[in-house]
Amino acid sequence: MATYESIIKITGAVGDLVFYNLNGKNVVRKKSGFNKTAFKKSASYEKVRQNSSEFGHCSKIGKIIRKSLEIYIKEAGDPLLYQKFAKLMTAIKDLDKVSERGKRTVGNGLKTEEGKKLLREFQMGTIQNVSDCVRIQGQMLYKNEECTSDQTMVITIKLDSENYKTECAEEIINWNKEKKNSFKKYFSENDLLLHFVVLKNEKNEITHMGFV
């Protein structure tokens, strides 16, 4: 892009140059080589089309998961959280080894142990990660001795990655002396389920949260 001075005002295309006004300055640039038809059909754009399709999928999945947890993750106070979460979704999608390139999904990535691990390790802003003191096994929730939370909530998310939909169920857990408790089964075992746990102190402030 370059600026130019002329007594003749030019607007529009002349050859392979485009003239226009930007913020009060006369600007000229070369026409873009991008071609929509070629992008859709040309073999040379195949990898670009694959990347674009998967990027869109990851963005949509990240958005619906964040939307399901909006009232909690807004407490993280991280303005870049959506970008970090989108990056996480992409990393999980890359673990899908059963689908061909361009059709890899976050859902298949989450079925792997490494995908689940990446989700558990994701930290919401500066709030401590709940997986440091709470773990889940089946329908049982366990917490470490050093965990002194006054209130624990388990949010179960049923993720439909094909139709970009979620269903959620929330339950408050009352711990027993053995530092463990079961939570209700809201969805089928065949569904893709995510468990998000929130710990609060006596002031009703979130101390830990994250996926388990």
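Up top is the structure these notes are about.
Note that the structure is predicted; figures quoted are calculated from it, not measured.

Section: the overall build of the protein chain
Here comes step 1: On a plain count of helices and strands, the protein chain comes out with six helices and 12 strands.
Here comes step 2: Across the 212 residues in the protein chain, those meeting the buried criterion constitute 35%.
Here comes step 3: Put simply, 54% of the contacts in the protein chain that link residues at least 6 apart link residues at least 24 apart.
Here comes step 4: Of the roughly 13500 Å² that the protein chain leaves accessible, carbon and sulfur atoms contribute 49%.

Quick word on the pairing of strand S11 (residues 193–200)
Here comes step 1: Within S11, seven of the eight residues are buried, which leaves it mostly tucked inside the rest of the structure.
Here comes step 2: Inspection of the sheet shows strand S8 (residues 151–160) paired to S11 by eight bridges, in the antiparallel sense. Bridge assignment links Lys158 to a residue of S11, and that residue is Leu193.
Here comes step 3: Of the strand pairs in this sheet, S11 and strand S12 (residues 206–211) are connected by five bridges, and their pairing is antiparallel. What sits directly across from Leu199, in S12, is His208.

Some remarks on the packing of aromatic side chains
Here comes step 1: Tallied over the full model, the rule gives three aromatic pairs.
Here comes step 2: Ring centres of Phe85 and Phe211 lie 6.5 Å apart, and the angle between their planes is 25°; on these two criteria the pair is classed as stacked. Of the two residues, Phe85 is situated in helix H4 (residues 81–93) and Phe211 in strand S12; the sequence distance between them amounts to 126 residues. As far as the burial class goes, Phe85 and Phe211 line up, both buried.
Here comes step 3: By relative accessible area, which is 1% here, Phe211 ends up buried.
Here comes step 4: Here the aromatic cluster, defined as three or more aromatic residues joined through ring pairs, consists of Phe85, Phe122, Phe196 and Phe211.
Here comes step 5: Above the ring of Tyr164, the side-chain terminus of Lys60 is found at 5.1 Å from the ring centroid.
Here comes step 6: For Arg135, the ring lying beneath its charged end belongs to Tyr142, and the centroid distance is 4.3 Å.

Side note on the pattern of salt bridges
Here comes step 1: Scanning the model with the defined rule gives 11 salt bridges in all.
Here comes step 2: Linking Lys185 and Glu189 is a salt bridge whose minimum nitrogen-to-oxygen distance equals 3.1 Å. Across the pair, Glu189 and Lys185 agree in class, each one exposed.
Here comes step 3: Salt bridges sharing partners connect three or more residues here, namely Glu54, Lys93, Asp94 and Arg104.

Remarks on the nonpolar core
Here comes step 1: Counting residues in hydrophobic clusters, the biggest one holds 30 residues, and the most contacted among them are Ile65, Met89, Met124, Phe196, Met209 and Phe211.
Here comes step 2: When contributions to this core are tallied by element, the ones reaching two or more residues are helix H2 (46–68), helix H3 (70–73), H4, helix H5 (106–110), S8, S11 and S12.
Here comes step 3: Here this core gets five residues from one element, more than from any other, and that element is H4.
Here comes step 4: When sequence neighbours within four positions are dropped, the list of residues in contact with Met124 reads Ile73, Ala76, Leu81, Phe196, Met209 and Phe211.
Here comes step 5: Ranked by size, the runner-up nonpolar core spans 12 residues in total, among them Cys133, Val134, Leu141 and Leu199.

Structural notes on H4
Here comes step 1: Taking 1.5 Å per residue as the helical rise, H4 with its 13 residues ought to reach 18 Å, and the 18 Å between its terminal C-alpha atoms agrees with that figure.
Here comes step 2: Structurally, H4 contributes buried residues whose contacts are with H2, H3, H5, helix H6 (113–121) and S12.

Re the packing of H4 against H6
Here comes step 1: Here H4 crosses H6 at 165°, and the two axes come no closer than 9 Å. Of the possible angle classes, the one that applies to H4 and H6 is roughly antiparallel. Every pair of crossing elements has a handedness; the one defined by H4 and H6 is right-handed. For the pair H4 and H6, the contacting residues are Leu88, Met89, Ala91 and Ile92 in the first and Gly115, Leu118 and Leu119 in the second.
Here comes step 2: Residues of the contact of H4 with H6, tallied by class, amount to six nonpolar, one polar and no charged.

Here's the deal with the sheet that holds strand S9 (residues 165–173)
Here comes step 1: The sheet built from five strands is open, its strands ordered S5-S12-S11-S8-S9 with mixed pairing. The open sheet has two edge strands with one neighbour each: strand S5 (128–129) and S9.
Here comes step 2: Here S8 runs beside S9; their pairing, made up of nine bridges, is antiparallel. Pairing of Lys158 across the sheet is with Glu167, part of S9.

Here is what the cut-offs are and how they apply
Residues numbered from 1 in each chain as written. Predicted model: local features only at pLDDT ≥ 70, side-chain atom pairs only at ≥ 80, totals over all residues. Heavy atoms only, no water. Helix = DSSP H or I, 4+ residues; strand = E, 2+ residues; numbered from the N terminus. Buried < 20%, exposed > 50% of the residue type's maximum accessible area, 1.4 Å probe, protein only. Contact = heavy atoms within 4.5 Å. Areas by Shrake-Rupley, 256 points an atom, 1.4 Å probe, with all protein chains shown as cover. Pairing = 2+ DSSP bridges. Phe/Tyr/Trp six-rings, centres within 6.5 Å; stacked < 30°, edge-to-face > 60°. Lys NZ or Arg CZ within 6 Å of the ring centre and 35° of its normal. Salt bridge = Lys/Arg side-chain N within 4 Å of Asp/Glu carboxyl O. Core = buried A, V, L, I, M, F, W, Y, C linked by side-chain atoms within 4.5 Å. Expected span 1.5 Å × (residues − 1). Axes fitted to C-alpha atoms, helices over the stretch in contact; angles between N-to-C directions. Parallel < 35°, antiparallel > 145°, perpendicular 65-115°, else oblique. Left-handed = near helix turned anticlockwise from the far one by under 90°. Nonpolar A, V, L, I, M, F, W, Y, C, P; charged D, E, K, R; others polar.

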